[in-house]
Amino acid sequence: MAQVQSALPLTHGKGFRDNLWQTIDERLSLHSLAYPVPEYANTIPYILGGITLFGFIILFATGIVMTQFYHPHPSEAHDSVTYIITQVPFGDFIRSIHFWTANLVVITALLHLLRIYWTGSYKKPREANWLVGVGLLALIIGFVFTGTIIKWDQEASEALSHFKEVGELLGGFGVLFSSEFSRSIPLLTRLYTSHITILPFLFLGLVAMHLFLVKTLKISPKPTETALAGDGYPPEQKMGNFAGHIRRMIGFGLILLAIVTALSYFFPAPLGLKAVPGEEVTKPPWMLLWLYPIENVLGVAGILYGGIVFFVLLALVPFVDRSPWLAPSRRRGMIIAAIVTIVILIALLVLALMSVPVTHTTGG
Ligand code: HEM
């Protein structure tokens with residue numbers, strides 16, 4: 001009967017859109033993806049994860065276009081990027097959208113993380129989802145790093161030298177990241193495979209798990225003075241609707257698209273000259289730049305140790321902060337620890353910007 005009704009649009013005072021939705025929903029059961037959305041979650045801080053997700057859709061779409069023209073062999077890679085920029089219709093623009101979206105997605109993901117931290121949303125029962133989020137952040141860094149290498153200019157070649165030397169520090173396990181691991185496929189080609197298949201595959205898996213946990217555990221309660229981890233919403237909590245929440249995510253996602261379109265128009269993505277082997281004259285992309293002063297002191301090992309310390313500290317957050325309170329004012333120690341960490345990261349960034357590029361690798 002329901003199917004008969006949905007086949008009769010506009011006949012029962014319902015709009016065409018409602019009928020269309022009902023028809024699709026009856027077949028795909030989309031309503032079962034919905035979860036309760038409290039009113040406060042319809043604000044930007046609670047939509048940052050959704051904006052990041054929208055950014056990844058832009059990255060996948062523009063990335064798929066570029067794979068049609070990019071050649072992942074060391075002798076061809078740089079020329080094929082130049083070909084995308086100069087010969088492919090809208091190639092320069094599509095590449096720039098990919099580049100700018102990658103940069104902005106790192107920012108939205110970090111802001112999302114800070115929101116979760118501020119509102120204590122990593123606490124019971126959301127510890128596992130925090131860890132999934134840490135995994136997503138590691139994958140984002142993996143995307144940025146492999147993306148930097150595959151454009152195969154001077155910056156790329158230096159990033160690859162660092163990658164190999166960090167691999168050597170990992171001992172037996174590091175052989176996976178060396179040129180010797182495969183004699184038939186160059187390391188550049190293998191990193192390209194990671195960029196377009198392994199990392200997206202892992203990413204989609206973790207995103208599915210992340211969203212499944214958001215749905216089953218629901219959005220965390222508002223961090224009021226009395227709110228406790230593990231509690232449900234108080235009875236007076238006003239609820240919004242899920243469709244409106246998704247519409248807002250799409251709306252802000254489109255604003256992100258408008259911003260990257262404008263940036264791409266005015267500031268096309270850069271491409272350096274072909275690499276001069278053995279030279280080290282560039283610094284890492286901004287999201288890894290804080291590691292540079294550490295590398296100046298400890299050598300390439302500084303990247304490994306700095307990265308490990310950063311991710312281990314992040315992963316430990318829900319296990320260190322065991323108090324039941326969600327309100328930032330009742331978690332002063334955690335908030336001060338975050339401020340100190342941010343100040344240290346900014347100080348390292350400033351130091352990195354002020355320092356002159358020096359050679360850290362043997363350039364192999
Ligand atoms: C690609 C990266 C990521 C995507 C696409 C993503 C997506 C999302 C989405 C759509 C939500 C629903 C609510 C919202 O939008 O705020 C969410 C919630 C959540 N995310 Fe993420 N996220 C990412 C990275 C992270 C990171 C880096 C962390 C922390 C280390 C994290 C931890 C969480 C937690 C704990 C929740 C539940 C929040 C709550 O219940 O209030 N996520 N994420």
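All figures in this text were calculated on a predicted structure; none of them were measured in a lab. (Residues numbered from 1 in each chain as written. Predicted model: local features only at pLDDT ≥ 70, side-chain atom pairs only at ≥ 80, totals over all residues.)

Engineer: Looking at this structure, I do not really get the overall build of the protein. What am I missing?
Structural biologist: Check the secondary structure of the protein and you find 12 helices and 0 strands. The secondary structure elements of the protein, listed N-terminal to C-terminal, are α-α-α-α-α-α-α-α-α-α-α-α. In terms of overall dimensions, the protein has a C-alpha envelope of 70 × 50 × 40 Å along the principal axes. Contacts in the protein between residues at least 24 apart in sequence constitute 79% of all its contacts with a sequence separation of at least 6. (Helix = DSSP H or I, 4+ residues; strand = E, 2+ residues; numbered from the N terminus. Contact = placed C-beta atoms within 7 Å.)

Engineer: Hey, could you run me through the site of the ligand in this one?
Structural biologist: What surrounds the ligand is a group of 26 residues, the closest being G49, S121, G133, L136 and S220. Elements represented by at least two residues in the shell around the ligand include exactly α3 (48-67), α5 (91-118), α6 (127-150) and α8 (187-217). At 7 residues, the largest contribution of residues to the shell around the ligand is made by α6. (Near = placed C-beta within 6 Å.)

Engineer: Would you mind going over α5 with me for this structure?
Structural biologist: Residues lying three or four places apart along an α-helix face the same way, a consequence of the helix completing one turn every 3.6 residues. Taking 1.5 Å of rise per residue, the 28 residues of α5 would be expected to cover 40 Å, and the 40 Å separating its terminal C-alpha atoms lies within 8% of that figure. Positioned one or two residues after α5, G120 has a phi angle of 65°, which is positive. (Expected span 1.5 Å × (residues − 1).)

Engineer: Just to check I follow, could you spell out the domain arrangement of the protein for this structure?
Structural biologist: Where interface size is quoted, it is often the accessible area lost as the parts come together. Domain parsing of the protein yields domain 1 (1-33) and domain 2 (36-354). Spacing between the C-alpha centres of domain 1 and domain 2 amounts to 39 Å. (Domains from an automatic or database assignment.)

Engineer: Would you mind going over α6 with me for this structure?
Structural biologist: Helix length check: α6 (24 residues) gives 35 Å between terminal C-alpha atoms against 34 Å at 1.5 Å per residue, within 8%. Where α6 ends, the next residue or the one after it, W152, has phi of about 60°, a positive value.

Engineer: Please explain the nonpolar core as it appears in this structure.
Structural biologist: Note that soluble globular proteins tend to have their nonpolar side chains buried in a common cluster. The biggest cluster of nonpolar side chains holds 48 residues, and the ones touching the most others in it are V105, I140, I149, I150 and L188. Take this core: its biggest share by element is 11 residues, from α5. Once you skip the residues sitting within four places of it in the chain, I149 turns out to touch A156, A159, L160, F163, L188 and L191. L288, W290, L291 and L304 belong to the second-largest nonpolar core, a separate cluster that totals 8 residues. (Core = buried A, V, L, I, M, F, W, Y, C linked by C-beta atoms within 7 Å. Buried ≥ 20, exposed ≤ 12 C-beta atoms within 10 Å, placed from the backbone.)

Engineer: Help me out: how do you make sense of the environment of L345 in this one?
Structural biologist: Its location among the elements puts L345 in helix α12 (residues 332-354). The class for L345 is partly exposed, based on 13 C-beta atoms found within 10 Å. Once the C-alpha coordinates of L345 and R248 are considered, the two residues, 97 residues apart in sequence, prove to be 32 Å apart.

Engineer: I'm lost on the environment of D321 in this one. Help?
Structural biologist: Mapped onto the elements, D321 comes out in the loop between α11 (301-320) and α12. On a C-alpha basis, the gap between D321 and G171 in space is 34 Å, while along the polypeptide they are 150 residues apart. Among all residues touching D321, those that are not within four sequence positions of it are R331 and M334.

Engineer: Honestly, the environment of K124 in this entry has me stumped. Any pointers?
Structural biologist: Tracing the chain through its elements places K124 in the loop between α5 and α6. Under the C-beta neighbour-count criterion, K124 is labelled partly exposed, with 14 such atoms within 10 Å. With sequence-adjacent residues up to four places away left out, K124 is seen in contact with A229 and G230.

Engineer: Would you explain the packing of α3 against α5 in this entry?
Structural biologist: In a packed pair of helices, the relevant descriptors are the angle between the two axes and the axis-to-axis distance. At a minimum axis separation of 8 Å, α3 and α5 run at an interaxial angle of 160°. In terms of orientation, α3 lies roughly antiparallel with respect to α5. Between α3 and α5 the crossing geometry is left-handed. (Axes fitted to C-alpha atoms, helices over the stretch in contact; angles between N-to-C directions. Parallel < 35°, antiparallel > 145°, perpendicular 65-115°, else oblique. Left-handed = near helix turned anticlockwise from the far one by under 90°.)

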